[in-house]
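Notes for the structure review
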Amino acid sequence: MPDPRSPHAFATDQVQAGYAATAAHSPAVPAIHQSNAFEFPSLSEARARFALRSEGDIYSRAANPTVAVFEERIAALEGGIAAAGVASGQAAVALALLALARAGDHIVAANQLYGGTVDLLGDTFAGWGIDVTFVDQDDADAWTAGVRPETKAFFAESVTNPLAQVLDTRLVADLAHAAGVPLVIDNTVATPYLQRVKDLGADISVHSATKFLGGHGSALGGAVVDLGTFDFGADPDRFPQLSEPYSRVRGGSLVDRFGAKAYITLVKTKYSHDLGPSLSAFNAFQLLQGLETLDLRMARHSASALAVARFLAAHPAVARVHHPGLEPSPWHTLALRHLPRGAASVFSFELHSTGDAESDFAQVERFISQLRVVKLVANIGDARSLVAHPASMTHSHMTPSQLADSGIAWTTVRLSIGLEDPADIVDDLDTALAVVAPAPASAPSVIPTASASR
Ligand SMILES: *Cc1c(COP(=O)(O)O)cnc(C)c1O
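A brief look at the structure comes next.

Rules behind the numbers
- Residues numbered from 1 in each chain as written.
- Predicted model: local features only at pLDDT ≥ 70, side-chain atom pairs only at ≥ 80, totals over all residues.
- Heavy atoms only, no water.
- Near = heavy atom within 4 Å.
- Polar contact = N/O pair within 3.5 Å; in protein donor to acceptor, adjacent residues only side chain to side chain.
- Areas by Shrake-Rupley, 256 points an atom, 1.4 Å probe, with all protein chains shown as cover.
- 1 Å grid on protein atoms, 1.4 Å probe; cavity = no way out; pocket = protein on both sides within 12 Å on 5 of 7 lines; lining within 4 Å.
- Points joined across faces, edges and corners; volume = space filled by probe spheres on them.
- Helix = DSSP H or I, 4+ residues; strand = E, 2+ residues; numbered from the N terminus.
- Nonpolar A, V, L, I, M, F, W, Y, C, P; charged D, E, K, R; others polar.

**Considerations on the site of the ligand**
Inspection of the region around the ligand gives Ser-88, Gly-89, Gln-90, Tyr-114, Glu-157, Asp-186, Thr-188, Ser-208, Thr-210, Lys-211, Gly-221 and Ile-380 as its neighbouring residues. The contact in question runs from an oxygen atom of the ligand to an N or O atom on the backbone of Gly-89, over 2.8 Å. Between the ligand and Ser-208 there is a distance of 2.8 Å, counted from an oxygen atom to a side-chain nitrogen or oxygen. Against a free-state accessible area of 380 Å², the protein chains account for coverage of 92% of the ligand.

**Observations regarding the layout of surface pockets**
By volume, the largest pocket amounts to about 1100 Å³. Forming the walls of the largest pocket are 30 residues, and the residues nearest its centre are Leu-52, Glu-55, Ala-62, Ala-63 and Lys-268. If you list the elements that add at least two residues to the lining of the largest pocket, you get helix H2 (43-50), helix H3 (65-78), strand S1 (82-86) and helix H11 (262-275). Tallied by class, residues from the lining of the largest pocket come to 15 nonpolar, six polar and nine charged. Each pocket or cavity is described by its volume, and for the second largest pocket that value is around 430 Å³.

**Some thoughts on empty space enclosed by the protein**
Empty space left among the atoms is revealed by rolling a probe the size of a water molecule over them. Scanning all chains against the criterion turns up three cavities of 30 Å³ or more. Approximately 100 Å³ is the volume found for the largest cavity. Around the largest cavity, the lining residues are Asn-111, Gln-112, Leu-113, Thr-160, Asn-161, Pro-162, Leu-163, Gln-165, His-395, Met-398, Ser-406 and Ile-408. Tallied by class, the residues present in the lining of the largest cavity amount to five nonpolar, seven polar and no charged. Within this model, the second largest cavity holds a volume of roughly 90 Å³. Surrounding the second largest cavity, 13 residues form its lining, Arg-61, Ala-62, Val-67, Glu-71 and Gly-85 being those nearest its centre. When contributions to the lining of the second largest cavity are tallied by element, the ones reaching two or more residues are H3, S1 and H11. In the lining of the second largest cavity, the residues fall into five nonpolar, five polar and three charged.

Okay, here's the thing in structure tokens:
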């Protein structure tokens, strides 16, 4: 827990929060507690731990000491009160929302979400009777018009992927609160270094720690962080899972028993416990190694990405760059306000379209085949610079109209700018762009056709 008596700066928390060297050998670095289960000193203590009357380890699916350090550290960096570490970002999104919305309930979510989240909400949740209304995240009226009596949450990403649209987190938080529901933010692309979503009104943040938090592309993980701002007891009828007696723990409701930590206790003791997507001690250790350098890495990622975006914007073979750090971006003013330490290092650009999806694909393939420093990989937030082609990769199952709604063309190329020397990244892109045709006299901007989608 962040200690309220010693408020440390971000860079101190990312290295120290959640850990004090008190174990037998006092290792300076948190140990990997690679044990499935933990020995109880007595049966009475075992009984107390099972009843959640005593805090202590039982079994690593429910809690693990290495994972607990990761949880406290990410909670400290987000300014939250507690976190649940889970096996992936996908598990974090699923658990965060399942603890709020049950069959018959409803969620209002942004249109501009990570593809895996679109599948989860639009397909899996729909199959479970949880209805989701998708809205354009920049349309304030659409968020409010989407609200129903059974709405339990608003959900959006602070910075979207692949087009790096910046959410007006403050505005959407105010709309959520006017509707009486919490705002859940996927803060994966921004990380708490670029945006403390709590300061902008969000109530719960979720992360794919797989990306920038770990930062080295070597461990999957996720986190749900309760920012401690939403009063789940204020409207007990809306959240009976928190306000009515909880059968697993005697002594009343989760709100009665755990107060401000009722929500995260539900995430851990019911959804993580029952569905089982626990974070391994080894992955938690690797994610902690990454977290220790988060501010340094994010500053480098962001500065290099802006330099690359500026280079691309000036290149004749590039039709358009979607980067909120550039002035023509519709999200530039918002980025200056909500991302003052730098904008996203995951962004996209477009080559000039030939007007035909197959020729566009061939053009992008020629370009990508020339890259040497930037690798063709379906991931973001890695130390390495990565390139992807959304229309044929991450978004390949979308219909042409969904692609068009998402602003993705066959010429759209996504980059995740890594930690290499930015001059080498720019040189690599420059060399590869040399094989791409510059703008035709009048380049038509074409929406892909059904026959061209694969
Ligand atoms: C990658 C990603 C996820 C899913 O995370 P995994 O760790 O791959 O399960 C969720 N949200 C966003 C924004 C992501 O980029």
